[in-house]
Structure formats: structure tokens, C-alpha cells
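What follows is the residue order along each chain.
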Amino acid sequence: MLKLNKKLLFFLVLCVTSFCVYLLTLSRTVYWEDVGEFITVASTLGISHPSWYPTYTLLGHFFSYLPFSEAFNINLMSAIFASLTVGLIYLVSYHFTKKHFPSICASLISAFSYTFWKQATFAEVYTLHLFFFVLGLFLLLIWEKRNEDKYLYGFCFIFGLSLTNHITSILFLPAFLYLIFKNKKPSNKNYIYGTVCFILGLLSYLYLFIRARMDPIWNWGEISNLQDLVYHISGREFFNLTKMTGFFESFSLFFSNLFINYFWVTIIFLIIGFVGLIVEKKKKLLYFLLLLISPLLIYVLYYDPGAMATHFLPIYIIFAIPMAYSFCFISKKFVTKPIFNKLL
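Not measured: the values here are computed from a predicted model. (Residues numbered from 1 in each chain as written. Predicted model: local features only at pLDDT ≥ 70, side-chain atom pairs only at ≥ 80, totals over all residues. Heavy atoms only, no water.)

A. Quick look at the pattern of salt bridges. One pass over the structure, following the stated rule, counts three salt bridges. Note that Lys284 is salt-bridged to Glu144, the shortest N-O span being 1.6 Å. Of this pair, Lys284 sits in helix α15 (residues 283–300) while Glu144 is found in helix α7 (residues 126–146), placing the two residues 140 residues apart along the sequence. The class for Lys284 is partly exposed, based on a relative accessible area of 28%. You can call Glu144 partly exposed: its relative accessible area is 23%. (Salt bridge = Lys/Arg side-chain N within 4 Å of Asp/Glu carboxyl O. Helix = DSSP H or I, 4+ residues; strand = E, 2+ residues; numbered from the N terminus. Buried < 20%, exposed > 50% of the residue type's maximum accessible area, 1.4 Å probe, protein only.)

B. Fine view of the nonpolar core. Formed by 94 residues in total, the largest nonpolar core has its most connected members in Tyr56, Phe155, Phe288, Ile318 and Phe319. For Phe288, the contacting residues outside a window of four places in its chain are Leu137, Ala175, Tyr178, Leu179 and Ile318. Core analysis: the second largest hydrophobic core is formed by 10 residues, Ile47, Tyr205, Leu208 and Ile223 among them. (Core = buried A, V, L, I, M, F, W, Y, C linked by side-chain atoms within 4.5 Å. Contact = heavy atoms within 4.5 Å.)

C. Region of interest: unusual backbone geometry. Omega for the peptide link from Pro50 to Ser51 comes to 10°, which places this bond in the cis form. Secondary-structure assignment places Ser51 in the loop between α2 (35–44) and α3 (54–63). A positive phi is found at Tyr53, a non-glycine position, where the angle reads about 55°. Secondary-structure assignment places Tyr53 in the loop between α2 and α3. Positive phi, close to 60°, is recorded for Lys98, a residue that is not glycine. Its location among the elements puts Lys98 in the loop between α4 (70–97) and α5 (100–111). Owing to a relative accessible area of 47%, Lys98 belongs among the partly exposed residues under this scheme.

D. Up close: the packing of aromatic side chains. Under the counting rule described, the total for this entry stands at 32 aromatic pairs. Site record: aromatic cluster; members linked through ring pairs are Phe254, Phe255, Tyr262, Phe274, Phe312, Tyr316 and Phe319. (Phe/Tyr/Trp six-rings, centres within 6.5 Å; stacked < 30°, edge-to-face > 60°.)

E. Quick look at helix α9 (residues 173–183). Ala175, Phe176, Tyr178, Leu179 and Ile180 are the residues of α9 that are buried. Looking at the buried residues of α9, the elements they touch are α7, α8 (149–165) and α15.

F. Fine view of the side chain of Gln119. Mapped onto the fold, Gln119 is located in helix α6 (residues 114–119). The class for Gln119 is buried, based on a relative accessible area of 6%. The residues touching Gln119, leaving out its near neighbours within four places in the chain, are Ser78, Glu124, Tyr126, Thr127, Thr310 and Leu313.

Structure follows, in C-alpha cells:
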């Protein structure tokens, strides 16, 4: 019970600490790019550009009733989900390291990395996108540990919901399926209940059909049938804006953004963490990271390079795990003092 309380305490402290910083740096008004659109859509229950983000819109409308300006309310939502994500990063890192200090450090490094922190200060879909991603991963890890199917069904619901917020969540599926089938073979009951929960998570797409017929102030595109829905969700109207950037350019952008987000010292810890995972043959975690990173990297090969920084965010966030593991690896190999080993 003490261990659970300590985890909860650190989770709350990390959430509150990061939220306070995000609040101090929060945009008080309309920022640039899509921010004005998202504020308008959330406040008036409109329909934004593809892939429409109905879950973000509905949650944003709830926040629009707060007693502040409309811009501040929707910006605040980003800060709240970013801070919850920080707490979840700690819990996920702790699952793999079983150490509080490394997990706290890794979550704070992620919290105040450049792109993540920036996204936490104005109205955008990415902090909610990352929240669903880390929450889904956390539920799968709890299911694996406790073998209680309710966590698997919770994951299925969250994964469906995440698709209604940002369609690129589909890129997480190979890594998630690996964790599911690596743990155990799901039963027929798991398949049926999981599918039902997944479909329930997708139901916010119905908002698009219903609201489009009400002629909202902001109504991007027309939705009259399933074909229109699939067309816009897939973002096909933006395909003419994309181009094949090439492997070398994409990897160059990936690493340049990595150095923008983290100091060289933290990148050293990241490298040590991966070395530790390889040396200690943590195959399950390594395969999961590979299955997560590969689809995202392949995807950005076909995407506008100017938007790559935000699409790399799930990779940078999950790097918290090897960063946390680096402390454990260093303590095992190089630290002999028991007091430091206990801390690390």
C-alpha cells in the first residue's frame, strides 16, 4: 500500500508542477497556425479541417464554459492534458525501471523538452494525442501485470477514442498489438468485448454527421455519406501538399529536432539507455520501441517536413523509458555505494 501511495504522490506532484509551469507560460490569446481555428471550432461546436478531431472539439467545448476568455480556456486544455501526460510518463517509466528517481527525471525531461512544452501552451490537438497514447500504453502494461481484462477493454476504448482525436494514432497499432500478443493470446471473449469497446471509442465521429447538418459557423467540407467521412478522415485532400522527403533528409530532421528538444547531456543518457537495453537483452522493450518508431518515421517520409516536429513527439516522449533505464544501467555497472544504488 505504501508503494502505491508513493507512486500516486509522485504522479500528482509531477502533474501539478508541470501544470504550474505551463500555466505561467500559457498563451493568453490566439496564437498562430491552427490555433484560431481550434478555438473557434471548440467554442462554437464547429467542424475543423481534416481529420476533423471531433473528440478534441467536444472536450474543448466543455472547457469553453470556464469563466475566462475563450482563447484562454481552450489553450488551458492543452496545458492540462500535457501535465497529465507528464504524470503518466512517470508511471510508464516506473513500470520498466521500478525506480522512482530515474522515472521522475525522465518525465521532467520530457515535460520541458522544447516541442512538448510549446504544444502545452496553446490550443492544439497534440497534447491530447500524446495523453491518449501514453494512457493506452499504461493500461496495456497494467493489464499485463495484473491480468485483469478490464484494463485491456479500457485500452481498446482509449485507442478508438484516440483515432477520433488524431488519425495518426493508427501508427501506434503495431507496437500495441505486439504488447498484447506477446503477453498472452486473447480469448474469444476478449476479441468481442474489445471490439465493442473500440467501436464505442469511435462514436464521437457521429458528431460530424449530426453537427454538419446544423450549419455551424465553422464547417470544413460537407459530410453527407460514409464516403465523405472516409475521404476527410484520411486527409486525402492534403495529399497534394505532401512529398517524399527521402530517408536521409527525414533522419536528419529527426535528429536535428532531437537536439532542439533535449540538451546533449540528456541525449547521452538516452544513448546509454539504449546500450543498457541491448547489453541486458531487454528484447521485449527493444522490439516495442522499434515497432513504435518505425511506422512514425516511414509516415513522415511522405509528410510536409515543416510539420515533422510535432509528428515526432510520440517518439521523443517514449524516449523517456530508455532515459530512465540509463540511470539503472549506470548504477548496476558503475556505482558501488549502496545509498546511490538505492536512489537510482
